[in-house]
Amino acid sequence: MTRNEFEEWRARTIRAYADEQVAAGNWAADEALKLATKAHKVLLPDGFATAGMLFLRAVLPDDSYVGVLWLGLTHPRGAPDCAFIYDIEIDEAYRGAGYGRALLAAAEDSVRSRGVDRLELNVFRDNARAIRLYETSGYRVVTQQMRKSLT
């Protein structure tokens, strides 16, 4: 990914993250964009140049955009020898054609080539398509959060 591509991706992913948090019941809609922007600034204080972050861009031979994956070489909660996928997106037109699996494999190769032996990610419960991709790619549940509304 280039710096210009990063800036375009960043704006989209902040909006998508805000929407996901609202849908999950974690954030109020009127604060979500502000909170998502703040979260990105914490994780990417130097933007595209933030140390330990990789941004993989999937394209076809004709340079058509397929998707992107954001990867941290260290785990956000300090799990040793474990990288973390913060975001993976496949353009709607290319979903279900194996590109997500290929992008995951590229991330795994990138991590492995840097001497890291494990890779982790989070996925929202209602994202059945993504869960199926991760399960069939060898990922397994290691933690699970549960919530009950008391109102």
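Here, every reference points to the structure presented above.
K.L.:
Account for the pattern of salt bridges, naming residues and giving values.
P.N.:
Inspection of the entire model under this criterion finds six salt bridges. When the shortest N-O distance is used, the salt bridge between Glu5 and Arg57 registers 3.2 Å. Of this pair, Glu5 sits in helix H1 (residues 3-23) while Arg57 sits in strand S1 (residues 53-59); the two residues are 52 residues apart in sequence, bridging distant segments of the chain. A relative accessible area of 22% means that Glu5 is categorised as partly exposed.

K.L.:
Before we move on, could you go through the side chain of Thr50 and cite the residues and values that matter?
P.N.:
With respect to the helices, strands and loops of the structure, Thr50 is situated in the loop between helix H2 (29-43) and S1. For Thr50, the side chain forms a polar contact with the main-chain nitrogen of Asp46, separated by 3.0 Å. From its side chain, Thr50 meets the backbone oxygen of Gly47 in a polar contact 2.8 Å long. Apart from residues lying up to four places away in sequence, Thr50 is in contact with Leu43, Leu44 and Pro45.

K.L.:
Requested: an account of the environment of Ala28, with residues and values cited.
P.N.:
Its location among the elements puts Ala28 in the loop between H1 and H2. It is 29 Å that separates the C-alpha atoms of Ala28 and Glu5, two residues lying 23 residues apart in sequence.

K.L.:
Explain the side chain of Glu120 to me, and be specific about the residues and the numbers.
P.N.:
Structurally, Glu120 is set in strand S4 (residues 118-121). Residue class for Glu120 comes out buried when judged on its relative accessible area of 18%. Reaching out from Glu120, the side chain makes a polar contact with the side chain of Arg77 at a distance of 3.1 Å. Leaving out residues up to four positions away in the same chain, Glu120 has contacts with His75, Arg77, Cys82, Ala83, Phe84, Ile85 and Val142.

K.L.:
Run through the sheet that holds S4, naming residues and quoting values.
P.N.:
Within the open sheet, the four strands sit side by side as S1-S2-S3-S4. Their pairing is mixed. Of all strands in the sheet, those bounded by a partner on one side alone are S1 and S4. With strand direction ignored, the average angle separating the axes of adjacent strands in the sheet is 30 degrees. In the sheet, strand S3 (residues 82-90) pairs with S4 via four bridges, with the strands oriented parallel. Paired with Cys82 across the strands is Arg118, a residue of S4.

K.L.:
Just give me the short version of the pairing of strand S2 (residues 65-72), but keep the residues and values in it.
P.N.:
For S2, the buried fraction is high: seven of the eight residues fall into the buried class. With seven bridges joining them, S1 and S2 adopt antiparallel strand pairing. Directly across from Leu56, in S2, lies its bridge partner Leu69. Connecting S1 to the antiparallel partner S2 that follows it, the hairpin turn spans five residues, and Asp63 within it adopts a positive phi of roughly 75 degrees. The pairing of S2 with S3 spans six bridges and is classified as antiparallel. When the bridges of S3 are listed, Leu69 appears paired with Ile88.

Calculation criteria
- Every chain is numbered on its own, with residues counted from 1 as its sequence reads.
- With pLDDT at 70 or above as the cut-off, local features in this predicted model cover only qualifying residues; side-chain atom pairs require 80 or more to be listed or tallied, and sums for whole chains, interfaces and linings still use all residues.
- Excluding hydrogens and water, the side-chain figures rest on all heavy atoms present in the structure.
- Here, a salt bridge means any side-chain nitrogen of Lys or Arg that lies within 4 Å of a carboxyl oxygen of Asp or Glu.
- Helix numbers and strand numbers start at the N terminus; a helix is a DSSP run of H or I with at least 4 residues, a strand a run of E with at least 2.
- For each residue, the accessible area found with a 1.4 Å probe, counting protein chains only, is set against the maximum for its type, and the residue is called buried under 20%, exposed over 50%, and partly exposed in between.
- Pairs of N or O atoms within 3.5 Å make up the polar contacts considered here, provided that, within protein, one atom can donate a hydrogen while the other can accept it, and that residues adjacent in sequence are counted only when both atoms are side-chain atoms.
- For this analysis, residues touch if any pair of their heavy atoms sits within 4.5 Å.
- A pair of strands is treated as paired once DSSP finds two or more bridges between them.
- Interaxial angles span 0 to 180 degrees and are taken between N-to-C directions of axes, which are lines fitted to C-alpha atoms, for helices over the stretch in contact.

Any link to function would need more than the numbers given here.
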